[in-house]
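# Geometric and topological summary
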Amino acid sequence: MSVSCHKLLLWLTGICLAISLWGCSSTKHVPQGKYLVDDVNIKIVDNSEVKESELVNYLRQTPNHKVLGFMKLQLATYNISGSDTTKWFNRWVRRLGQPPVIYDPQLTDMSEFQLRQALVNRGYMDASVIADTVIHGKGKKIDITYNVTTGKPHFIATLDYNIPDDSIRSLIDSHDNVLQVAPGDFLDRNKLDEERVRITELLRNNGYYTFNKEYITFSADTAAGSREVNLTMNLRPPHLRGQQTLSDSVAHKVYYLRNIYFVTDYNPGEDYGTYDYRSSDTVRYKDVTILYGDDRYLRPKVLFDACYMHAGGKYQAWQVDRTYEALGRLGILKYVNIDMRRVGTVDGKNWLDAYILLTRGKKQGVSLELEGTNSEGDLGFGVGLTYMHRNLARGSELLTAKLRTSYESLSGDFSGLINNRYMEYAGEVSITFPEFEAPFLSSGLKKRVRATTEFAVSFNYQERPEYTRIIAGAGWKYRWANRGNTRRHRFDLIDINYVYLPKSTIDFINQIAPSNPLLRYSYEDHFIMRLGYGYYHTNKRVPSAASLRQSLLQPSIYTIRANVETAGNLLYAISSAIGQHKDEGAYKVFGIQYAQYVKADADYSYTKNFDFRNSLSFHVGAGIGVPYGNSSMLPFEKRFYAGGANSVRGWGVRTLGPGSYDAKNSVTDFINQCGDIRLDINLEYRARLFWVIEGALFIDAGNIWTIRKYENQPGGEFLFSEFYKQIAVAYGAGLRLDFNYFLLRFDLGMKAYNPARNQERLPLIHPKWGRDATFHFSVGYPF
C-alpha cells in the first residue's frame, strides 16, 4: 500500500487507536472480585427459523460497544480517566466514554426469562433458555452464551368467537380485513394483540366511544401433550370487565355527537365547564357552535372546515384524529385538545358533547441576521430581516416577508468597469394558506386533500464591477401529505424565473464567453416558466419525544423521491397559435428567449439497521433532462452536476464529468461540468462511536452526461456503448457529529477510478494525495 493510502487509513483510525492504546487495560476500572462482560452470544440449538438477531433486544445486559466489530472505543475512552473523580478532566473523559459493563447474575437470570417469554409469545410454549458463563482474561472478564431450545411451536387448531352482542358481531363480520388470525397459524400472542387492536379501531370508528381492547380476551384449550390449541376470542360486556364470567345482560353502547363546541381562548388547566357561555361571543355556524373570547381571531368557516366531526352522527375516532391534524396545521394555534362529555340518553340514543379547546400562539414575529466579511482586506457586511404574521386574514394565513442587503468594498483599478463594489438588495414576500386555494373546488375536496397553498414573489438586484443584474421570480405552489407524513406531494402550478441585465461593460459577454453557450447563458437575459410535481415516500417512523432512538431501531428504512417538471409549453403553444415570428431561430417573450424542456429525476435509499449503533445504507439516483422546441440546451441552473458531499465524494462539486470530459482547471472549467443525464450509486457503512461522534466508510459511483454532442464538452455525450466505462468510482471515510436536531458531516473521499481523458485512470492503484483526495463538510446525511 502506498504512502497516500496509508494517510487515508491513518486519518480514520489514528485517534481511535491512540485512545485504545492509551486506555489499553479494558479492566482498569473493574472492581476487585467483579467481572467485565466481554462477550454475549445467543445460540439457537434446534430451530433455523428463529434468528439470533430477532432476540438480541431481549437481553438485559450486553457488553461495551465495539467499533468495526473489535474495538471497544468508548470503554477505552473511559479508561483514560483516573480514579479521582474530583478532577474535571476525569469527569469529562468519563462523560465521553462508556463505563465497563460489570457482570450481574440477576440481569442474566432476567435475560433468560425475557428470552423464553419472547419465544412463548411467538407460540413456542416449551422453549427453554440456559446461560453458560466462561471466565477468562486473568479472571477479570466473562463471556455469556444463552443456549436457546425453542421446541415445536403450538398452533391454532380451531378458532371460535364468543361475541354476545349481535350488533358488534355483525359489524365485525361485515369487514373482511379485521379478523386475520386463522386456524393453522402459530399461537403468536403478538398477532393476537394486533387482532384486538384492529377490532377496537373498527368499533371506535363506528360509535363505540368507551370501547377499548381490554374488553377482548382469548382463552386457549390444549390437551396434555398436544401442540394443537382450541382458541376462543371473547368480547366481554362493559360491566363485567376484568371478571371471569360472561353475560349478555349489558351491551356496549353506541354514542352520537349532540353538539360540537369550539372554545377559542382556552387556558390549559382551567375547567372550561365553569365558563359562562351565555356571556361570551357565541356564533352558530352550520352544525358547530363557536365560543369566542376576547376577539374572533379565526373566522367561523376556518374552524368549521378544520372539523371532521358531524353533529347528529355517530362518534368516529378517525374524525377526531383528522380534526387534531387539521387544527395542528393552523400556525396561530399553540394548543389543541378535544374533550368528549357524556350527556345522557335521549330517544334511545346515547349522546356526547364535543369540546374543541384552542389556545392561540404569537401572531407576529421578527428576526434579524447580521454578518461580516473580509476578502483579502476588502470589508463587507450583510443584514437580513424577516417578518412573519401567522394570522393575516383571520384564517391562519402565514405572511412571510424577507429583506436582505449586502455590501463589499473593492480595491484596485476600476477603469472600464461600471461599478466599484459588490452590492445586493433582495426581497421576498410569500403568503401560505392552510388549505387548497383554487377556484371551483368544493369544500369536500378541500377537506379530503389537506393541502397548503403558497403564493410568492421575489426580487434580487445585484451590482458587480462588470454588470448589473436583476433576478425576479413568482410562484403558485401546493403542498400536501398523508396522515402519517410518510407520503408528501408538491405541485408547482406555476414557477417563473426572469433574469435581466440592464447594464454591463462593453463586450462583457464576448470577453468571458466568446464561444461557450453555457457561460453566455449565465450572463444573458433569460426567462423560465415551469410546472412541476414532486413526490416523497418513506416508511420511517417519527420517534416520540420519549425515545429518539425509536426510528433507528427499525430493521430497515427506505425513502423514495421523484420529481418531474416541464417548461415553455404554454408559451410555445401561444407563440405558434398567434403566428409569432421567430427571432434568431426561437420565439421570445418581452424580447427574451424562453426555455422549453422536460426534466425528471428519482432517488431511492435503503438503510439496514443491524442494531442501535451499526447500519448499512444504499442509495441510487438517476435523472434526465431533454431540451426541445424553443431550446437547444437545458438552462444552466436546471442541468445536473456530479461530485460534492452528496454525490461521488472523490471529486469536489462540479469537478466530475460529463462523461470523459477532461477538465484542466476547476475554476474555468466548472461551467462545462454539467449535464443532462445523472447517475449516482452509493454504499455507506455507519457506526456510532462515542458521545455524539459517528464514523462512516463509503463507496460512491456515478457521473453525468450530455444528451447531445456539444462542442465545449468533448467526451460528454451519453452513448450506450461507452457510458458504463465512464462511471467514476470513489471511496473514503467520514466522521459525523450527531446532535439529534442536526448533524455535522466531515467526509474524506479518494478517487478510485477516473474516467476523464488524459488523467490517471486508476488512482486506486496509483494514488496521489494532492490530486485524488477531497474533503467535504456538510449538514445532514448524504442520503
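Quick note: structure is the one above.
Scope of this entry: the structure provided in the associated data block.

Cut-offs applied
Residues numbered from 1 in each chain as written. Predicted model: local features only at pLDDT ≥ 70, side-chain atom pairs only at ≥ 80, totals over all residues. Heavy atoms only, no water. Buried < 20%, exposed > 50% of the residue type's maximum accessible area, 1.4 Å probe, protein only. Helix = DSSP H or I, 4+ residues; strand = E, 2+ residues; numbered from the N terminus. Arc of directions from axis to C-beta. Contact = heavy atoms within 4.5 Å. Polar contact = N/O pair within 3.5 Å; in protein donor to acceptor, adjacent residues only side chain to side chain. Pairing = 2+ DSSP bridges. Axes fitted to C-alpha atoms, helices over the stretch in contact; angles between N-to-C directions. Parallel < 35°, antiparallel > 145°, perpendicular 65-115°, else oblique.

Once that is clear, we can look at helix α5 (residues 166-173). Here α5 has its buried residues at Ile168, Leu171 and Ile172. Within α5, the buried residues cover an arc of 95° as seen down the axis, which keeps them to one side. In this structure, the buried residues of α5 make contact with α6 (189-204) and β6 (228-235). The N-cap of α5, judged by a side-chain oxygen 2.9 Å from the amide nitrogen of Ser167 a few residues on, is Asp165.

With that out of the way, let us pick up unusual backbone geometry. Omega for the bond connecting Gly657 with Pro658 falls within 30 degrees of zero, at 0°, which places this linkage in the cis form. Of note in the backbone geometry, Arg654 takes a positive phi value of approximately 60° without being a glycine. Counting through the fold element by element, Arg654 comes out in the loop between β24 (614-627) and α13 (666-669). Assessed through its relative accessible area of 17%, Arg654 is described here as buried. Of note, the phi angle at Asn758 is positive, near 60°, even though the residue is not glycine. Inspection of the secondary structure assignment puts Asn758 in the loop between β28 (743-753) and α14 (769-772). Relative accessible area serves as the criterion here: at 70%, Asn758 is assigned to the exposed category.

Our focus in this paragraph is the pairing of strand β2 (residues 128-136). For β2 and strand β3 (residues 141-149), the ladder comprises nine bridges, and the chain directions are antiparallel. Looking at the pairing, Ile130 lines up with Asn147 of β3. The hairpin formed by β2 and β3 contains four residues between the paired strands, and Gly137 there has a positive phi angle of roughly 60°.

Here the focus is the packing of α5 against α6. Between α5 and α6, the shortest axis-to-axis distance is 11 Å and the interhelical angle comes to 110°. As judged from the angle between their axes, α5 and α6 are roughly perpendicular. Judged by residue contacts, Ile168, Leu171 and Ile172 of α5 engage Ile199, Leu202 and Leu203 from α6.

Treat this as a map of the structure, not an account of what it does.
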